[in-house]
Structure formats: structure tokens, C-alpha cells
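The primary structure of each chain is shown beneath.
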Amino acid sequence: MSIHTLFTQTTKLKHFKLLIDDFDIGQDNILSVSIANSFLSFGQAAVIVFRDQFSIVNSQIRLNENTLITFEVNDYLKEYRKFIFRVVNTNISNEKSRANFVTLQCIDPVSYLFKNLYLSKSFNTDMCTAFKSVFDEYKCKDYLSKMGLKLDCVPASVKKSFTWSSNLSAYDFFDEYSRLSNVRIWYDSEYLHVKEFDLQAEKSKYPLKIQGNDIQYTDTCSNNDYLFRIHQYRKDGLNHSQLMELVPSQEVIRFKGKAVDRETVNLTDFYKSLILNDNEDFSTFQNTKGKRASIVVDSIEAQKYDLFSAFMNLNKLNIVVPGTLKYNCPGFIANVKLADKSVFKKQQLSGDITTSGNYLILGTESRFIKGHFHQMLELGRFDNPAAK
């Protein structure tokens, strides 16, 4: 991949601006901004590097827990986004230069608040409603409004009685109980989502379209300015048979007075709910025999959560594409077509059918460099790839 093909018209930003509190860092001094966002963990993290020619840091501006970092950007499609962050770490170096170089490690203000909030509190409700009560009490909506986002909080299907101990931050507490409730917390281009993720319901929203055409991420397009052109990709993931050995059928035992209630977690049924490409070959799904007994309250939700996460890591694909604020978001479904490097024309025309297909966007790393915007998308696939 050459610089010529990487920096194109579709990666060029229409506008970008970096503010530290109210102090505007000039565009020429902004060296890079990298923003990571994940479907599998709550929060956005940023690394910002800028040139400080006149040593304004610690003279005109102070970097502390109250400092607010604002990064505004308009992409090629003129989509606008305002990112807001709190500083968690600072490094200043000069590398024998006249100017200082400042590196800021930041996280979004909502997760920052949750990471620094310690309380002792009890709840008798579902996890999502409990999250919203803390969210509302500490006026997190104000932060979302500044970022142009809304809260999408849907009550979970299972209510629990649980206690938040003061030895855990709010972030760690909800991270632990979201697993027990099979709830995901993630950002996309419009919302902070707090809810159970239903793949089949999400699938009905796709394929996404632009100017009436289905969006397809591909490296087969000769046009370097194609907005969803894959510049680079890397295959990753676990061995299928090894993964299956890690998830035996689970029998949950609950004691109700003198009675014993046994319930089997049917993983094959849950696996069917994860299908993206209409491939229902489950012959290699369950390699283990028998059942593993467990005396754990509400472990069905946790088992589903763990299985979902495990399948995220089964067949993974990382791709580098031009950046778009609207379409490349965690929780979105991406249709991918990769070229087949075979010497035979038939295979070249059909493409790499083993790797091509529908994927869930697990994470994004948005990179803003020299006025250009690229994204590395981490993709996870649920079903068995097609055979060649």
C-alpha cells in the first residue's frame, strides 16, 4: 500500500479543529489524533499528539482532571462529529527540537466519570435501568448532548437484586454485571447504547445504502477514491475445533426451597440466533459430550454473553478503509468482498468466498493524520465460511 493510494480525495477531511478547554490548537500543529471505540467494551479512548511551539502547556493552559479536550471533524461526506475527552495521562518531549511535542491519552467523559465514581448502593431492577439511574443522577446526559449523541437504554429482560460495593468503581461494577445480564454498552455515531444485543433484529436494518447502492467493503475496486475500498487487511481468529471444546453444554442447578430446578443452556439454539450468512451447518459446533453442571444464579445470561464474545474471536478480519463517521461504527454489519489471488479466472471473478461475507464491526480505530481520515475496522464473523 503506497502513500499515493492511501491518501485520496475520499480520505480528505472537510474540516477539523482541536480545542483544549477554549484554546485552539492550530491545524498545522496537530500531528495525529487516534480514537478507539469498541463494541466489546464501554468507552472511547484517544491518543492526541500536537506540536507546542511556544510552550503554552503549563503556561497558558493547564492539563488536569478538569481539562476538556474537544475534537471537531467533518469527513468527506460532510458528516459532522464532536468528540469530547478527559485527560488521563500527559507526556511532553522535545527530542532536541525547539518545540515541545505533547501526547495526551484521553477517554470520553462518561466512562471517565464512571471510572472515578465509588459508591455503596443496592439495586432491585435490571442492569440497564440501574445504569440509567446512575447516568441520570450524575447528569451524564449533558456530556452526550455536547457530543451530539443520545442515550439508547432498553431495560434488560432479567431483573436482579445486586449490591454495588464501594471497592469497585461504577465502570467496573457495570462491566461485571453487564456480563451477568448479557447486556452490551457501546457507542456508535448517534447513540450510547445500553441494552441486550439482538443480532437478528439488527440484521433487518441492513444492507446499508449510499446513493441507492448497497455498501460493500472490497479490495476488488480499481478506483482508489471508492469510499469503502479496502487498502489493507489481515485475517485473524481462533481455531474452530479448539473453540468448540471450550463451550460444553451447561446444566444450571437452582435450589428453590427443598426443590431442585435444573435447566440446560442449549448453546446450539443460541448459536442459530447468531447466524449472518444463512449457513446453518452445526456439525462441528459441539465437540464435547455430556453436560457440565453449575450451581450459579442467572448464569444463562453470562453463558450467552461469553459465547457471543467467543464467536467474535473465531473468524476475525481487520481492514483499513477510508474513514466515514456515519457508516463505520461498532455494532454495524459490514458486507465484505475480497479478491481471490488464484491464477484461475473463475476464482478471480467469484472472489475469496471463504473470507468474503457479512461481519459485525467489533471495533474501530479512527486515525486523523495530516488532514486525512482512515479507519481500521476490527470485524467478527459468526458462521462457518463458505467452502471453496
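Above this text sits the structure in question.
First, a word on what this report is: a plain description of the structure on this page. Given the structure is predicted, the values throughout are model-derived calculations rather than measurements. The residue numbering used here restarts from 1 in each chain and proceeds along that chain's sequence as written. Residue-level local features of this predicted model are given only where pLDDT is at least 70; pairs of side-chain atoms are given and counted only at 80 or more, and the full residue set underlies all totals for whole chains, interfaces and linings. In computing side-chain properties, one takes all heavy atoms of the structure into account and sets aside hydrogens as well as water.

**A closer look at the nonpolar core**
Counting 33 residues, the largest nonpolar core has Phe 42, Val 110 and Phe 114 as its most contacted members. To qualify as a helix, a DSSP run of H or I must reach at least 4 residues; to qualify as a strand, a run of E must reach at least 2; elements of each kind are numbered from the N terminus. Residue assignment for this core shows that the elements contributing at least two residues are helix H2 (109-115), helix H3 (127-137), helix H4 (141-146), strand E10 (159-164), helix H5 (170-180), strand E11 (184-187) and strand E12 (191-195). Considering each element in turn, this core owes the most residues, six residues, to H3. Residue contacts are counted whenever heavy atoms from the two residues lie within 4.5 Å of one another. Other than its neighbours up to four places away in sequence, Phe 42 contacts Val 110, Ser 111, Phe 114, Phe 131, Tyr 171, Ile 185, Tyr 187 and Leu 192. The term nonpolar core refers to a set of buried residues drawn from Ala, Val, Leu, Ile, Met, Phe, Trp, Tyr and Cys, joined through side-chain atoms within 4.5 Å. Buried means the residue's accessible area, taken with a 1.4 Å probe over protein chains only, is under 20% of the maximum for its type, while exposed means over 50%, and partly exposed covers the values in between. Residues Leu 317, Ile 319, Ala 334 and Val 336 belong to the second largest nonpolar core, which totals 28 residues.

**Quick look at the environment of Ala 310**
Mapped onto the elements, Ala 310 comes out in helix H9 (residues 299-312). Using a relative accessible area of 15% as the deciding quantity, one classes Ala 310 as buried. Sequence-wise, Ala 310 and Gly 380 are 70 residues apart; in three dimensions their C-alpha atoms are separated by 9.9 Å.

**Description of H5**
When we look at burial in H5, the residues that qualify are Ala 170, Tyr 171, Phe 173, Phe 174, Tyr 177 and Ser 178. Buried residues in H5, looked at end-on, bunch into an arc of 160°, giving them a common side. What the arc measures is the spread of directions leading from the helix axis to the C-beta atoms.

**Points about the pattern of salt bridges**
Any carboxyl oxygen of Asp or Glu within 4 Å of a side-chain nitrogen of Lys or Arg constitutes a salt bridge here. A full pass over the atoms with the stated rule returns seven salt bridges. A salt bridge links Lys 132 to Asp 136, with the shortest nitrogen-to-oxygen separation between them at 2.7 Å. Remark: Asp 136 and Lys 132 occur in helix H3; sequence separation between them is four residues, near one turn of the helix. Residue Lys 195 pairs with Asp 152 through a salt bridge whose shortest N-O separation is 3.0 Å. In this pair, Lys 195 sits in strand E12 while Asp 152 sits in strand E9 (residues 150-153), placing the two residues 43 residues apart along the sequence. Residue Lys 195 is classed as buried on the basis of its relative accessible area of 13%. What makes Asp 152 buried here is its relative accessible area of 18%.

Functional significance is not addressed by these values, which are geometric in nature.
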